[in-house]
Structure formats: C-alpha cells, structure tokens
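# Inside the fold
Spelled out, the chains give:
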Amino acid sequence: MSKFTDAMNIHVHGGDGGSGAVSFRREKYIPYGGPDGGDGGNGGSVFIRAHASYTNLSHLFHDKIYKAGAGRPGMGKKRHGHNGEDLIINVPSGTQVCDYETGEMISDLLVEGDSVLITEGGVGGRGNAFFKSSTNRSPKFSQPGIPGSKKILSLNLKLIADVGLVGLPNAGKSTLLSKVTNAKPKIADYPFTTLTPNLGVVERGDASYYKIADIPGIIEGAHTGHGLGLSFLQHIERVKVILFLIDATEKDPAYNLHLLKSELNTYNKELTTRPSYILFTKVDLVDEKDLQKKIDQLDNNNNVLAISSIKEYNLNKLLDIIDNILEY
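These notes cover the structure that comes with them. (Residues numbered from 1 in each chain as written. Predicted model: local features only at pLDDT ≥ 70, side-chain atom pairs only at ≥ 80, totals over all residues. Heavy atoms only, no water.)

All right, on to the environment of Val 241 then. Examined against the element boundaries, Val 241 turns out to sit in strand β12 (residues 241–247). Those residues in contact with Val 241 that sit more than four places away from it in its chain are Asp 162, Val 163, Gly 164, Pro 275, Ile 325 and Leu 326. (Helix = DSSP H or I, 4+ residues; strand = E, 2+ residues; numbered from the N terminus. Contact = heavy atoms within 4.5 Å.)

In structure tokens form, the structure reads like this:
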C-alpha cells in the first residue's frame, strides 16, 4: 500500500524544439537544386490536471522530473519534424500548484477535469529552405530548436469535503466514518490510529450526496506542528461543516471542546465561523445522568447530539442534521 502524500516538489520541463535541417535538392532534371531543409518540430507542453483516479500525490513520488516530448528535427524535401507530445500530469482534485521559487500559486485545481498549462515546449528551428533569398540562394545553415521552459513546482493537496470530523485522538472519528460512509479507515483502541486523512461518501435514499473527511486527531499545539496537527489543519480548510467529536468517557469534555476550537482559531480564524455541531461519542459507555452533566457543562449546548457509532445510535438523526445544515 502506497504512503499517503499530500505535499511534494517536482521539476517539469517543456519539450525542446527540434533543429532545422540543412539539405539541398538533388534531382536529375534540376541542375541547380536549391535548399530544401525543413523546420524542426515544436516541443510538447506540460499540463497538470485534476483526475478522480487519484486520492493523493504518492504516485509522483518516484519520478520527480517530468518532461514533455521533444520536437523531431526537420528533414530534406522541406519536411517538417514531428511535434513533441504534450505531457499531462494527473493529480487529485484539491491540489494547489505553486511556483517553488516565488511561492506564487499558479492554480488551485478544485474540480475534476480542471487543468493548467505549466511549461510550454520550445519552438522548432527553421531549416535552411527558410533562409533562401535573392542574395543568398544556397544558405548552408539552419536554426537549432529552442529549449522548452522549465519550472520547479510545489504541489499541496487539501482534501475537498463537505463535512470535517474534528476531535482529539481516539475520539471515534474513524468509527463514525466507517458507519455512515463507504470508507474503510483503520480503527483501533489507541491514539493516532488515523495517521492519514480518510474520505468517505454519504449517499442517502433521498439522493443527497456529500463527502466526510476524517483527519488525524488534534492535540494541544497542533497549529505549530505538534502531533499530526498540520496534516489535519490543512485538510479541514475546505469543508463547509465541522463536527466536533467529544469522547463521552473523558473527564472534562468542556476543556476538550475549548482546546479543539482554540487550535482551529489559532490556525485560521475563518474556520470557527463555519457551521458546526457537537457530537458526544461512545455514549453507550456512560451513564445517562453523567452524560447530561457533561453536556450541561458546555457554554452552548443547543447544537449537541449524543451518538454511539458502535451501536449505531442516533446516526440517522446525525445525517438528517447534516442534510439540513448543508441546505443553507
């Protein structure tokens, strides 16, 4: 199984233009055959395209230099060299393409099929037939092809999902995702089971369709790179709805919720303005009175739902809530 990769630098080269030909006609009944060297072909260009077949950038890991086809040299009888083939590099939707040297964003490929021209191929050189004139009837020179342009790119993937699951490690995000979507994340009873982002699709009978992202758990200091925080935070930026998952067996759920919101706010204040809902998970493991006390500790306990993914308790109600939020 390939390693999940969401950031990478690659070198891209447009194809070199082919050189023009130096050639002269040699025909039986034309004693003064003139120059007939053809032009070289143009080099191919490099494009980057969003493609549904890819979920991360790991397929680019081994070959970090990508070059389009070179133009072929021109030939005699004024024959034009073949143009080089364009190169299309496929990446997952949500990939940001940036110039490594300047940091400028070239394109943000959000939608399947989006593509961007990165480097153009070089122009083919002129053959000696092009340079024939009244003052130079037999030019013995041609042009070399122009090299294709080069660029170093920084590729950065930010998952595109409608709903993001936010919680401390082992809060039940992966279990919830496995119950309500088609995703099959790794699940175990220890922190940081989720080491890479997971994406699942919800398809309901009423034709509603949306994506839910389960991303590595947050710990204090995640916005500075502690734990797997940065891997999480960059992938939550595109979501429309945030679900805060609070483990009902924890002693201080109010503090845990404060920590989660604080980390989001420090990383990107705009995240805390998104529509959100609070889910108390694993409620099958706690007493009802104890659970209610913990819910009452929250400053705003109107948008709270108690769920048990293992028992599938309130999961349909949760999906109804998500449907309602996404409609607005």
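After that view, the rundown keeps rolling.
So, on to the sheet that holds strand β13 (residues 276–281). In space, the six strands of this open sheet follow the order β10-β11-β9-β12-β13-β14, with mixed pairing throughout. If you trace the sheet from one side to the other, it starts and ends with β10 (198–203) and β14 (304–306), each paired once. Averaged over all adjacent pairs, the angle separating strand axes in this sheet is 25°, with direction ignored. When β12 meets β13, the two strands line up parallel, connected through six bridges. Across the sheet, the residue bridging to Ile 242 is Ser 276, located in β13. Lying on the sheet, helix α5 (residues 315–327) is in contact with β9 (163–167), β10, β11 (209–214), β12, β13 and β14; it crosses β11 at an angle near 110°. (Pairing = 2+ DSSP bridges. Axes fitted to C-alpha atoms, helices over the stretch in contact; angles between N-to-C directions.)

What follows deals with the pairing of β12. By the criterion of burial, β12 is predominantly enclosed, with seven of the seven residues buried. Side-chain alternation along β12 places Val 241, Leu 243, Leu 245 and Asp 247 on one buried face and Ile 242, Phe 244 and Ile 246 on a second face that is also buried. Two strands pair when backbone bridges link them, and β9 and β12 are joined in this way by five bridges, in the parallel orientation. The residue bridging Gly 164 from the neighbouring strand is Ile 242, located in β12. (Buried < 20%, exposed > 50% of the residue type's maximum accessible area, 1.4 Å probe, protein only.)

Let us now look at the pattern of salt bridges. By the definition in use, this model includes ten salt bridges. Between Asp 16 and Lys 67 there is a salt bridge whose closest N-O contact spans 3.6 Å. With Asp 16 in the loop between β1 (7–13) and β2 (46–50) and Lys 67 in strand β3 (residues 65–67), this pair connects stretches of sequence that are 51 residues apart. In this structure, the salt-bridge partner of Asp 108 is Arg 238, at a minimum N-O distance of 2.9 Å. Of the two residues, Asp 108 sits in strand β6 (residues 105–109) while Arg 238 sits in the loop between α2 (229–236) and β12, which places them 130 residues apart along the sequence. (Salt bridge = Lys/Arg side-chain N within 4 Å of Asp/Glu carboxyl O.)

Here the focus is the packing of helix α1 (residues 173–180) against α5. Following both chains from N to C, one finds α1 and α5 inclined at 85°, their axes separated by 11 Å at the closest point. The angle between the axes of α1 and α5 places the two elements in the roughly perpendicular class. Residues Leu 176, Lys 179 and Val 180 of α1 form the contact with α5, whose participating residues are Leu 315, Leu 318 and Leu 319. Looking at side-chain class alone, the contact of α1 with α5 contains five nonpolar, no polar and one charged residues. (Parallel < 35°, antiparallel > 145°, perpendicular 65-115°, else oblique. Nonpolar A, V, L, I, M, F, W, Y, C, P; charged D, E, K, R; others polar.)

Working definition: the strands of a sheet are paired by backbone hydrogen bonds and lie parallel or antiparallel to each other. Judged by pairing direction, the sheet is mixed, and its five strands sit side by side in the order β3-β1-β8-β5-β6 without closing on themselves. One side of each edge strand has no neighbouring strand; the edge strands of this open sheet are β3 and β6. Across this sheet, the average inter-strand angle for adjacent strands is 25°, counted without regard to direction. The sheet contact formed by β1 and strand β8 (residues 150–157) spans seven bridges and is antiparallel. Within the sheet, the bridge partner assigned to His 11 lies in β8 and is Ile 152.

Note that Lys 158 resides in the loop between β8 and β9. With residues up to four places along the chain from it excluded, the contact list for Lys 158 reads Gly 94, Gln 96, Gln 234, His 235, Glu 237 and Arg 238.

Applying the stated criterion across every chain, the model contains two aromatic pairs. Between Phe 130 and Phe 131, the aromatic rings sit 5.2 Å apart at their centres with planes inclined by 90°, giving edge-to-face as the arrangement. We classify Phe 130 as partly exposed; its relative accessible area is 46%. Their ring planes at 45° and their centres at 5.0 Å tell us that Phe 131 and Phe 141 sit as a pair that is tilted. Separated by ten residues along the polypeptide, Phe 131 in the loop between β7 (115–119) and β8 and Phe 141 in the loop between β7 and β8 bring together distant segments of the chain. In textbook terms, an aromatic cluster arises when at least three aromatic residues are bridged by ring pairs, as seen for Phe 130, Phe 131 and Phe 141. Here the guanidinium or amino end of Arg 126 rests over the ring plane of Phe 130, the centre of that ring lying 4.3 Å away. (Phe/Tyr/Trp six-rings, centres within 6.5 Å; stacked < 30°, edge-to-face > 60°. Lys NZ or Arg CZ within 6 Å of the ring centre and 35° of its normal.)

As for its placement among the helices and strands, Ser 107 is situated in strand β6. Owing to a relative accessible area of 16%, Ser 107 belongs among the buried residues under this scheme. Apart from residues no more than four positions distant in its own chain, Ser 107 is found in contact with Thr 95, Gln 96, Val 97 and Val 116.

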